[in-house]
Amino acid sequence: MTILDTMTDLTDAAIELDRRHVAHNYSPLPVVAVSAEGAWITDVEGRRYLDCLAAYSAVNFGHRNPEVTATAHAQLDTVTLVSRAFHSDRLAPFCAALAALCGKDMVLPMNSGAEAVESGIKVARKWGVDVKGLDDGNSSNIVVARNNFHGRTTTIISFSDDDAARRGFGPYTPGFRSVPFGDADAMAAAIDDHTVAVLIEPIQGEAGIIVPPDDYLPRVRALCTERNVLMIADEIQSGLARTGRTFACDHWGVVPDIYLLGKALGGGVVPLSAVVADRDILGVLHPGEHGSTFGGNPLAAAIGTTVVGMLARGEFQTRSTELGAHLHTRLRGLIGRGVVAVRGKGLWAGVDIDPSIGSGKQISLKLADLGVLVKDTHGSTLRFAPPLVITAAEIDWAVDQLADVLAESGSH
């Protein structure tokens, strides 16, 4: 038995154990991570991969970011969880810092991104009754965009277009209206007297990094103000420096009523999400009406405070802007050479592969063989979202590997 055979057996054994005992709700690439640092992941066989996915933006600041891990280690030696039955010395400073970063008054801390979305929906509905004055909350509606991705809870999939996420999980939660993303006229037509909120991703992630027309978000903001409707921006993937600004909404000078945040907020270490809004919105919640045992726990709050401090310095926004321009220039150079289109902002790109040379999944697998990790979506699109600590040289190397894969695939 060769060393290579032994190494392969390690991967095979790990994947087989996964197949037998882990629910099959994902279809991962055949890479078994054992360690990571910065923009690189090492597998059980010692092979290194450039991570160009960053856990769907959860690892914006790099794997095991030194500032984040130092905070985590220190907090582990004090207190990690008390539930919200008591105060902790870490929660209020985190919420104050995050509120300041967002230019808002209050923070509702949660854990996963889907929890933030669910919480935002609940807040909007309660606001509709308590503040907007709707007689019956059961008649309220929220307008969403088609091809959205906000999570996979029962309520969220009820307004999803993704058949794989939705089929077989009914009955579905009512109260949502779906209109085409980027169409402000359709949005205006869907809003009525019973609408409490508009919920959108400023840039649609799972749909393939879809950037709206420049007048779209400003028009949605104006509509919400005019019709007394809350504008909720799901910045769980697009926010926290991913697109070159603190929030993707900043590209268009738009401030939503509610920010939904997650993923990178936990520094790639713990689940941490948040609903951020002014007091006249989040103030509709009273004791006992909403909660989470782990929401705002001291460990997550300490890490979140460090993350907010890193964002306040602006260095990651600058890196994303400058390196993102380089990434998009290199990727656009592949148009006509196996790439049909490139979209995105900052270090976030959707790359449409010519279907005649292979599917997104096939290209992802070939890239993994060469040491580059990306993930496909919607059949023929690859998503590039590397940690913001990536270098220009690493971007060049990754795009060179993609060029080689496309050239080889196109020649067959």
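All values reported here derive from a predicted model rather than from experimental measurement. (Residues numbered from 1 in each chain as written. Predicted model: local features only at pLDDT ≥ 70, side-chain atom pairs only at ≥ 80, totals over all residues. Heavy atoms only, no water.)

**Re the environment of Trp397**
Now for step 1: With respect to the helices and strands, Trp397 occurs in helix α14 (residues 392-410).
Now for step 2: Trp397 gets classed as partly exposed once you look at its relative accessible area, which sits at 32%.
Now for step 3: Counting along the chain gives 366 residues from Trp397 to Val31, while the straight-line C-alpha distance between them is 20 Å.
Now for step 4: Each residue touching Trp397, except ones within four places of it in the same chain, is listed here: Trp40, Leu50, Leu370, Gly371 and Val372. (Helix = DSSP H or I, 4+ residues; strand = E, 2+ residues; numbered from the N terminus. Buried < 20%, exposed > 50% of the residue type's maximum accessible area, 1.4 Å probe, protein only. Contact = heavy atoms within 4.5 Å.)

**Details of empty space enclosed by the protein**
Now for step 1: Across all of its chains, the model carries three cavities of 30 Å³ or more by this definition.
Now for step 2: What lines the largest cavity is a set of 13 residues, and nearest its centre among them are Val82, Ser83, Arg84, Ser88 and Gly296.
Now for step 3: Looking at the lining of the largest cavity residue by residue, the classes come out as five nonpolar, seven polar and one charged. (1 Å grid on protein atoms, 1.4 Å probe; cavity = no way out; pocket = protein on both sides within 12 Å on 5 of 7 lines; lining within 4 Å. Points joined across faces, edges and corners; volume = space filled by probe spheres on them. Nonpolar A, V, L, I, M, F, W, Y, C, P; charged D, E, K, R; others polar.)

**Re the layout of surface pockets**
Now for step 1: Put simply, the second largest pocket is a space of about 680 Å³.
Now for step 2: Surrounding the second largest pocket, 22 residues form its lining, Arg84, Leu91, Val107, Leu108 and Pro109 being those nearest its centre.
Now for step 3: Elements that contribute at least two residues to the lining of the second largest pocket include exactly α4 (91-102) and β4 (106-110).
Now for step 4: In terms of residue count, the dominant contributor to the lining of the second largest pocket is β4 (five residues).
Now for step 5: Partitioning the lining of the second largest pocket into residue classes produces 12 nonpolar, nine polar and one charged.

**Focus: the nonpolar core**
Now for step 1: Residues Phe94, Leu98, Leu265, Leu331, Leu382, Phe384 and Leu402 are the most contacted members of the largest nonpolar core, which totals 60 residues.
Now for step 2: Among the elements that line this core, the one with the most residues is helix α11 (residues 298-313), at eight residues.
Now for step 3: Every residue in contact with Leu265, bar those within four places of it in the chain, is listed here: Phe94, Leu98, Leu240, Leu272, Ser273, Ala274, Gly304, Val307 and Val308. (Core = buried A, V, L, I, M, F, W, Y, C linked by side-chain atoms within 4.5 Å.)

**Description of the side chain of Asn65**
Now for step 1: Mapped onto the fold, Asn65 is located in the loop between α2 (54-57) and α3 (66-76).
Now for step 2: With relative accessibility at 7%, the residue Asn65 sits in the buried group.
Now for step 3: Not counting residues up to four positions away in its chain, the partners in contact with Asn65 are Met310 and Phe316.

**Describing α4**
Now for step 1: Compared with an ideal rise of 1.5 Å per residue, which puts 12 residues at 16 Å, α4 spans 17 Å between its outermost C-alpha atoms and is within 8% of the ideal.
Now for step 2: Where α4 is buried, its residues meet β4, β9 (258-261), β10 (273-277) and α11.
Now for step 3: Among the residues trailing α4, Gly103 stands out with phi positive, at a value near 70°. (Expected span 1.5 Å × (residues − 1).)

**Points about the pairing of β10**
Along any regular strand, the residues point their side chains to alternate faces of the sheet.
Now for step 1: With five of its five residues buried, β10 lies for the most part within the structure.
Now for step 2: Side-chain alternation along β10 places Ser273, Val275 and Ala277 on one buried face and Ala274 and Val276 on a second face that is also buried.
Now for step 3: Summarising the sheet, β4 and β10 pair through five bridges and their orientation is antiparallel. Bridge assignment links Met110 to a residue of β10, and that residue is Ser273.
Now for step 4: By the bridge criterion, four bridges tie β9 to β10 in an arrangement that is antiparallel. Residue pairing in the sheet places Leu261 in a bridge with Ala274 of β10. (Pairing = 2+ DSSP bridges.)

Everything listed is a geometric property; what it means functionally is a separate question.
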